[in-house]
Amino acid sequence: MKKKKICFVIQNLNIGGAQRIFVDLINYLSSKKNYDIKLLIISNENNFFINQIDNNIDIFILNKKKAVFSLISIIKKLNEIKPETVITTITNMNVLLCLLKLFIKYKFKLIIREANILSLNSKNDYYYLKSVLVRLLYRLSDKIICISKAVQYDLINNYGLNLNKTTVIYNSINSKFIKEKINDTNQINKIKEFLRRKLIINKKIIISVGKFSSQKGFDILIESMKYITYDNFILLIIGNGNKREYLKLIKKYNLQNRVFLINSDTNPYVIMNYSSLYVCSSRYEGFGNTILEALSLGLPVISTPCHNGTNEIINNFKSCQVLPNFKAKTMGEVINKKLLNLDLKI
């Protein structure tokens, strides 16, 4: 039987929820006998997850720093591969592939995956230009996968897209991968040594994971610590990006012995497994992958009302709570109350 050829297109495989989901989906479909999977990567930099791609998948790297400089290269490569279906994710790439669909010689189905509530993303670069392009070009795709009902609602009501063009598919997690990671002996020893070195062993751990950006709201989370009266805890934030402003906040609120920022190349699942509470402080999210991962490890979750798809799920968990607002004081008071009833896990 002839295999169905599918080409996934992405800017890079850097650390991030969209990239992690893409890797899991690519590997899953590759394991099925009726699919021939290709992966087209625009940049040769920051491909953190590339070694996790199955060996039987053809990977094409265009060696371009930005997608906008790769238009002709993408057209040539897709004309060469001739996939029946092209799948892409992240707004920039979605817009680009919708545009290129007009210039590629043969017909193919284009499936784009939208992972954010775009109308709330006003601090993003070129926000207004992107809004116009999304409104004009997303309708050229064959199907739009929305990772939550909130994302679907946003595209329909704020960008004029047809309901029939969209479908909601919540993110999944790779539980097998997570279980392997939490049993990483070397990483477990590194984390324990880090805690001993900082003299913070035998304390309840609050954890949050994400890029150091305004979207993730770590400034709110750090400020909330000053409202916590319970003493036997620390906050660990794992992420990539510029930490300078957050280090200033830690110093401003005199939290140097309470709040620690850790690079995202650290295995987060080991730390999650030893944590007592997960906090999502995001200002907006399409779907909080790390919340789902925390739930899979049995952590209670506190989240801001950031419209993410996970909030559509965690309301069903007694151990989880969605905050009524984004105020640091509210967050701190709820965390303080929660900490009193949580067990020490390391």
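How each quantity is defined
- Residues numbered from 1 in each chain as written.
- Predicted model: local features only at pLDDT ≥ 70, side-chain atom pairs only at ≥ 80, totals over all residues.
- Heavy atoms only, no water.
- Axes fitted to C-alpha atoms, helices over the stretch in contact; angles between N-to-C directions.
- Helix = DSSP H or I, 4+ residues; strand = E, 2+ residues; numbered from the N terminus.
- Parallel < 35°, antiparallel > 145°, perpendicular 65-115°, else oblique.
- Left-handed = near helix turned anticlockwise from the far one by under 90°.
- Contact = heavy atoms within 4.5 Å.
- Nonpolar A, V, L, I, M, F, W, Y, C, P; charged D, E, K, R; others polar.
- 1 Å grid on protein atoms, 1.4 Å probe; cavity = no way out; pocket = protein on both sides within 12 Å on 5 of 7 lines; lining within 4 Å.
- Points joined across faces, edges and corners; volume = space filled by probe spheres on them.
- Phe/Tyr/Trp six-rings, centres within 6.5 Å; stacked < 30°, edge-to-face > 60°.
- Buried < 20%, exposed > 50% of the residue type's maximum accessible area, 1.4 Å probe, protein only.
- Lys NZ or Arg CZ within 6 Å of the ring centre and 35° of its normal.

Enquirer: Which residues make up the packing of helix α3 (residues 91-100) against helix α4 (residues 127-137), and what values go with them?
Expert: Where α3 contacts α4, the axes come no closer than 10 Å and their chain directions differ by 45°. The angle between the axes of α3 and α4 places the two elements in the oblique class. Every pair of crossing elements has a handedness; the one defined by α3 and α4 is left-handed. On α4, the residues touching T91, N92, V95, C98 and L99 of α3 are K130, L133, V134 and L137. For the contact of α3 with α4, the class distribution of residues is six nonpolar, two polar and one charged.

Enquirer: Describe the layout of surface pockets, naming the residues involved and giving the relevant values.
Expert: If you add up the space inside the second largest pocket, you get close to 380 Å³. Along its surface, the second largest pocket is lined by 16 residues, and I21, L25, I169, Y170 and S172 are the ones closest to its centre. Examining the composition of the lining of the second largest pocket, we find that five residues originate from one element, helix α1 (residues 17-30), more than from any other. By residue class, the composition of the lining of the second largest pocket is 11 nonpolar, three polar and two charged.

Enquirer: Give a description of the packing of aromatic side chains that names residues and reports values.
Expert: Inspection of every chain in the model, using the stated rule, returns seven aromatic pairs. Between Y170 and F287 the ring centres are 5.8 Å apart and the planes differ by 50°, which places this aromatic pair in the tilted class. A residue pair is termed long-range when its members are at least 10 positions apart, and Y170 in the loop between β7 (166-168) and α6 (175-182) and F287 in the loop between β11 (277-280) and α11 (289-296) qualify at 117 residues. The partly exposed category is assigned to Y170, whose relative accessible area is 32%. These aromatic residues form a ring-pair network of at least three members: F212, F218 and Y246. Of note, R20 hangs over the ring of F49, and the distance from its end group to the ring centre comes to 4.8 Å. The side chain of R258 reaches across the aromatic face of F233, ending 4.3 Å from its centre.

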